[in-house]
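# Examination of the molecular architecture
Chain residues, written in single-letter form:
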Amino acid sequence: MGFARTCSVALVGVEGVVVEVQADLEPGVAAFTLVGLPDKSLTESKDRVRAAVVNSGGEWPQKKLTVGLSPASVPKGGSGFDLAVACAVLGAAERIDPRTLADIVMIGELGLDGRVRPVRGVLPAVLAAADAGYEQVVVPECTAAEAALVPGISVLGVRSLGQLIAVLTDEPVPEEEPDEPGRPDSMLAGLCVPGTGVGTGLSGGLDDALALDLADVVGQASARTAVEVAATGGHHLFLQGPPGAGKTMLAERLPAILPRLSREESLEVTAVHSVAGMLPPGKPLVDTAPYCAPHHSATMQSLVGGGKGIARPGAVSLAHRGVLFLDEAPEFSSQTLDSLRQPLESGHVVIARSAGVVRLPAKFLMVLAANPCPCGRHTLLGDGCECPASTVRRYQARLSGPLLDRVDLKVEVEPVTRSELAGYGTRGDSTQTVADRVRAARERAAARLAGTGWRTNSEVPGHALRTRWPAEPGALDAAELDLERGFLTARGLDRVLRVAWTVADLAGRDRPAAQDVALALQLRTGVSRGVPMAIGALT
């Protein structure tokens, strides 16, 4: 009887579980049995593994073969177990020393010719292996750079099963035929999965964002200030105005003024995009804020995550540590919009399915854009709106009160005038100038919040703001009066205080003054408080 074991990783959402792959050979009629709660794609690995072993010059054992995946209670799916199954079988057949396989984690799909093809989710799988104490992993060669992002672990990238067998048995490594120049690499097909319905509107990275300069936005001084405040403090933003006023332009330029992601944040974002198959080609690490803009016809599953079997990341997870832009927000279904309430508060999504419970990260900056009415001319002077009052009320009511209560900044985007469009007015600051101010303000906030676990003002609980970092005496009088009158909820008062701290950070003050709170109230309620809508005017 022959026995061997090695390890692989099963992904549950964006978290990995190390799975021990055991192979047992016994005398009897030749058969191949795979047990351990595999799904359809994993069950089909029996034929892939057999063909790959034979075409790699190995001999398939003509005995009763049983391959077990432990723990058997964890659902397992995908083709990433192929490499571990093949090596476990060869170890049981004594083609490979079983002792060399026990402490190695193997991730990869096998082609029928023995080539090792890439799979999605390599980074979270290697992170799970490192957390479990493993020090060696074997991955497809084209994902070795992604796996190497995990510190303290030895990564071996292989192109074929024959190459791996030679390395494990100390035999001469066979030479691989080089790819023909200019020929498309079919191996990369395993990294990108089109048609999943969750990556709609995903941006191409910082290079694309920098090509969209904030100075290109004509006019809109109030909205530009709101965008700067939102980027500094991580506050959610609601832009309402007629079509063509620049709402989408402002949202598209927001990611470029956000600071670059830290190492920890980059690993979080890369893990989500790796599982979803949305990693940019040739760039294993996402170090800039992502931008996701799903269409208003998106379903709840594509927005918050879900699907058959184990839940997959949705748009809110793809926008983790970045921007989620919902254009034409009232056109989304009310049920889909209200499903955003939990991630807006908690920063993650918990999805329960029959196959298990999945927790997906979803800490994003939400930007809502909406017209004032179905025709878009409700607030335009000199151009009548033909929508009945009931239609306007019904249209605006599609954004529920509890959802809007979680939005810190609400700005009315005014129509662009002819003089502004002709360039007679003052041109606004460029993306680089605003990004420098945002970075300086974030550094000021980070120094204040050092050692607390919070990074931006939007994360700080209201109780901590009122007790540990109080505003100037009398600064909150206007906000507290609005609370008594019912214009603000208790949550709204806390959010006004958070925005006031962000305004103070941008203005270079040690704590919020009355004018900072007034601007925060003006940004939240849309009602003028007699303060200029410009940060520079408050200094």
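Below is a short write-up of the structure. (Residues numbered from 1 in each chain as written. Predicted model: local features only at pLDDT ≥ 70, side-chain atom pairs only at ≥ 80, totals over all residues. Heavy atoms only, no water.)

## Focus on the nonpolar core
- Counting 56 residues, the largest nonpolar core has L237, L239, L254, V367, A479, V517 and L523 as its most contacted members.
- Broken down by element, this core gets its largest block of residues, eight residues, from helix α21 (residues 490-507). (Core = buried A, V, L, I, M, F, W, Y, C linked by side-chain atoms within 4.5 Å. Buried < 20%, exposed > 50% of the residue type's maximum accessible area, 1.4 Å probe, protein only. Helix = DSSP H or I, 4+ residues; strand = E, 2+ residues; numbered from the N terminus.)

## Section: the side chain of H236
- Its place among the elements puts H236 in the loop between α8 (221-233) and β10 (237-240).
- Here M366 takes part through its backbone nitrogen, which lies 3.0 Å from a polar atom of the side chain of H236.
- Once you skip the residues sitting within four places of it in the chain, H236 turns out to touch L344, F364, L365, M366, R406, V407, D408 and L409. (Polar contact = N/O pair within 3.5 Å; in protein donor to acceptor, adjacent residues only side chain to side chain. Contact = heavy atoms within 4.5 Å.)

## Some details on the pattern of salt bridges
- Within this structure, the stated rule accounts for 28 salt bridges.
- The closest approach of N and O atoms between E264 and R455, which form a salt bridge, is 3.2 Å. Residue E264 is located in helix α10 (residues 263-276), and its partner R455 is located in the loop between α18 (431-448) and α19 (462-467); the two are separated by 191 residues in the primary sequence.
- With relative accessibility at 47%, the residue E264 sits in the partly exposed group.
- The exposure class of R455 is partly exposed, given its relative accessible area of 29%.
- The salt bridge partner of R341 is D338, with a shortest N-O separation of 3.4 Å.
- Classification of R341 by relative accessible area gives partly exposed; the value is 27%. (Salt bridge = Lys/Arg side-chain N within 4 Å of Asp/Glu carboxyl O.)

## What about the environment of A166?
- Mapping A166 onto the fold places it in helix α6 (residues 161-168).
- Residue classification places A166 among the buried positions, given a relative accessible area of 3%.
- Counting along the chain gives 70 residues from A166 to I96, while the straight-line C-alpha distance between them is 9.3 Å.
- A166 has contacts with E171, P172, V173 and P174, leaving out every residue within four places of it along the chain.

## A closer look at unusual backbone geometry
- A cis amide bond, omega 5°, links S70 with the succeeding residue P71.
- Tracing the backbone through its elements, the reader meets P71 in the loop between β4 (64-70) and α3 (82-92).
- At D170, a residue that is not glycine, the phi angle is positive and equals roughly 60°.
- Considering the arrangement of structural elements, one finds D170 in the loop between α6 and α7 (206-210).
- In this structure, R321 is a non-glycine residue whose phi angle is positive, near 65°.

## Digging into the packing of α3 against α6
- Between α3 and α6, the least distance of the axes is 12 Å, while the angle of their chain directions is 50°. When the interaxial angle is binned, α3 and α6 end up oblique. Between α3 and α6 lies a crossing of right-handed hand. Between α3 and α6, the residues in contact are L83, A86, C87 and L90 and L161, L164, I165 and L168, respectively.
- Across the contact of α3 with α6, the residue classes break down as eight nonpolar, no polar and no charged. (Axes fitted to C-alpha atoms, helices over the stretch in contact; angles between N-to-C directions. Parallel < 35°, antiparallel > 145°, perpendicular 65-115°, else oblique. Left-handed = near helix turned anticlockwise from the far one by under 90°. Nonpolar A, V, L, I, M, F, W, Y, C, P; charged D, E, K, R; others polar.)

## Section: the packing of aromatic side chains
- Under the criterion given, the structure shown has three aromatic pairs.
- A ring pair is formed by F32 and W60, whose centres lie 5.6 Å apart and whose planes are at 40°; its orientation type is tilted. Of this pair, F32 sits in strand β3 (residues 31-35) while W60 sits in the loop between α2 (45-55) and β4; the two residues are 28 residues apart in sequence, bridging distant segments of the chain. Just as F32 is buried, W60 falls in that class too.
- On the basis of an interplanar angle of 25° and a centroid distance of 6.4 Å, the ring pair of Y291 and F325 is categorised as stacked. (Phe/Tyr/Trp six-rings, centres within 6.5 Å; stacked < 30°, edge-to-face > 60°.)

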